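Below, each chain spelled out in residue letters.
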Amino acid sequence: RDGAEASAAAPAAAAAEEADEEFVVAAGTGRISSSGTAVRGHETKFMTELAVGDAVVITHPTTLTDETRIVRMVLSDVSISISSPFSTDLVSTCAFRFVAAPRVEKSQEEKDDEKRKRYVTREDDAVGDYAGRGGTTLVYRKRKKGAVGGSNGWHIVTEHLKEEKTRTELLEMRSKYKSDRHCG
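If you're wondering where the values come from, they're calculated on a predicted model, not measured in any experiment. Residue positions are counted from 1 within each chain, in the order its sequence is given. Per-residue local features of the predicted model are confined to residues with pLDDT of at least 70, and side-chain atom pairs are confined, for both listing and counting, to 80 or more; whole-chain, interface and lining totals are unaffected and use all residues. Working from all heavy atoms in the structure, the side-chain values ignore hydrogens and water.

(A) Broad picture of the overall build of the protein chain. By definition, any uninterrupted DSSP run of H or I lasting at least four residues is a helix, any uninterrupted run of E lasting at least two residues is a strand, and each is numbered from the N terminus. The helix and strand tally for the protein chain stands at 4 helices and 8 strands. Scanning the protein chain from its N terminus toward the C terminus, one meets helices and strands in the order α-β-β-α-β-β-β-β-α-β-β-α. The burial tally for the protein chain puts 28% of its 184 residues in the buried class. Residue contacts are defined here by distance: any two heavy atoms, one from each residue, within 4.5 Å place the two residues in contact. The contacts in the protein chain between residues at least 6 apart in sequence include a share of 53% that link residues at least 24 apart. Exposure was quantified through the Shrake-Rupley algorithm and a 1.4 Å probe, taking into account, for residues, occlusion by the shown protein chains and nothing else. Total accessible area on the protein chain is roughly 12600 Å²; 53% of this is exposed by carbon and sulfur atoms. Residue burial is assigned from relative accessible area. The probe radius is 1.4 Å, only protein chains are included, and a residue is buried under 20% of its type maximum, exposed over 50%, and partly exposed in between.

(B) Broad picture of the packing of aromatic side chains. Aromatic pairing here means that ring centres of Phe, Tyr or Trp (its six-membered ring) are within 6.5 Å. Orientation follows from the plane angle: under 30 degrees is stacked, over 60 is edge-to-face, and everything else is tilted. Under the defined criterion, the tally for this structure stands at 1 aromatic pair. Each ring, one from Phe46 and one from Phe96, has its centre 5.9 Å from the other, and the planes form 65 degrees; the classification is edge-to-face. In this pair, Phe46 is assigned in helix α2 (residues 46-49) and Phe96 in strand β6 (residues 94-99), connecting sequence segments 50 residues apart. The class for Phe46 is buried, based on a relative accessible area of 1%.

(C) Structural context of the nonpolar core. Formed by 14 residues in total, the largest nonpolar core has its most connected members in Ile32, Val56, Ile58 and Ile80. Listed by contribution, the elements that provide at least two residues to this core are β3 (55-59), β5 (79-82) and β6. Of all the elements, β6 adds the most residues to this core, at 3 residues. Setting aside residues no more than four positions away along its own chain, Ile58 makes contact with Ile32, Thr65, Asp66, Glu67, Phe86, Leu90, Cys94, Ala95, Phe96 and Arg97. Among buried residues, the Ala, Val, Leu, Ile, Met, Phe, Trp, Tyr and Cys ones that are joined through side-chain atoms within 4.5 Å form a nonpolar core. In this structure, Tyr140, Val157, Leu161 and Leu170 belong to the second largest nonpolar core, which totals 5 residues.

(D) Geometry of the environment of Thr29. Positionally, Thr29 belongs in strand β1 (residues 25-35). By relative accessible area, which is 27% here, Thr29 ends up partly exposed. Between the alpha carbons of Thr29 and Lys45 there is a distance of 6.2 Å; along the sequence they are 16 residues apart. Dropping the residues within four chain positions of it, Thr29 is found in contact with Glu43, Thr44, Lys45, Glu49 and Phe96. Under the rule applied, a polar contact is a pair of N or O atoms within 3.5 Å (in protein, one hydrogen donor and one hydrogen acceptor; residues adjacent in sequence only if both atoms are side-chain atoms). One polar contact links Thr29 to Glu49, side chain to side chain, over a distance of 2.4 Å.

(E) Up close: the confidence of the model for the protein chain. The predicted model of the protein chain averages 79 in pLDDT, with 74% of residues at 70 or higher. Overall, residues 1-20 carries pLDDT values under 50, and its contacts beyond four positions in sequence, including any with other chains, amount to 0 contacts. Note on scores: pLDDT gives the predictor's confidence for each residue, bounded by 0 and 100.

(F) Broad picture of the pattern of salt bridges. Salt-bridge detection follows one rule: a side-chain nitrogen of Lys or Arg within 4 Å of a carboxyl oxygen of Asp or Glu. Inspection of every chain in the model, using the stated rule, returns 5 salt bridges. Notably, a salt bridge pairs Glu67 with Arg69, separated by 3.3 Å at the nearest N-O pair. Residue Glu67 shares its accessibility class with Arg69, and that shared class is buried. Glu164 is the salt-bridge partner of Arg116, the closest N and O atoms lying 1.9 Å from each other. Here the residue Arg116 occupies a position in helix α3 (residues 108-127), and Glu164 occupies one in the loop between β8 (154-160) and α4 (167-175), the gap between them amounting to 48 residues.

(G) Looking closely at the sheet that holds β5. Any two strands between which DSSP finds at least two bridges are classified as paired. Strand order in the closed barrel made by the 6 strands is β1-β2-β5-β4-β3-β6, with antiparallel pairing throughout. The sheet shows a mean angle of 50 degrees between the axes of neighbouring strands, direction not considered. Relative to β5, strand β4 (residues 66-76) is paired through 4 bridges, and the arrangement is antiparallel. Considered in β5, the bridge of Val71 is made with Ile82. Note on method: axes are straight lines fitted to C-alpha atoms, helices fitted across the in-contact stretch only, with angles between N-to-C directions ranging 0 to 180 degrees.

(H) Region of the structure containing the side chain of His60. Tracing the sequence through the fold places His60 in the loop between β3 and β4. Look at His60 and you get buried, because its relative accessible area is 0%. At 3.1 Å, the side chain of His60 and the backbone nitrogen of Thr62 are in polar contact. Not counting the four nearest positions on each side in its chain, His60 is found in contact with Thr65, Glu67, Phe86, Ser87, Thr88 and Leu90.

Next up, the structure:
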């Protein structure tokens, strides 16, 4: 019977060990100070050590209690934003620890979808007001009938396309409208 209990306990112990491995508290490189939710690093490596969703743990120098905050943004190796301020600002630097949040593996389809969304956003940002929404929208200006000069003499036309077009194709389509000042 002792052998059966030991073999039944082994999977439970292995599961508990795996769970413990997910939440390992590690010492952070360097020291931090804070003002509100802005945390400044001193000789830190936030870009390699932290990610959004990780927890930053400090022993507050005033209260001597542990305080934990969630990382909301990693801006650089020396700058992060946290979920809420510490009980009081860290005016002098203090050591910190961190707990990495469990990383969720994404399927290739999810990764491809995110990549495509980033690409569309980058393209739209690059083109500005006349962006193509990932190549599915054509936006151009057309002069209003009877209008003479002035900015009020234009009408913005938006056409939704059946298939995606490249930026070059969208520009070529827009260039066919002589009234669009952005095209030759």
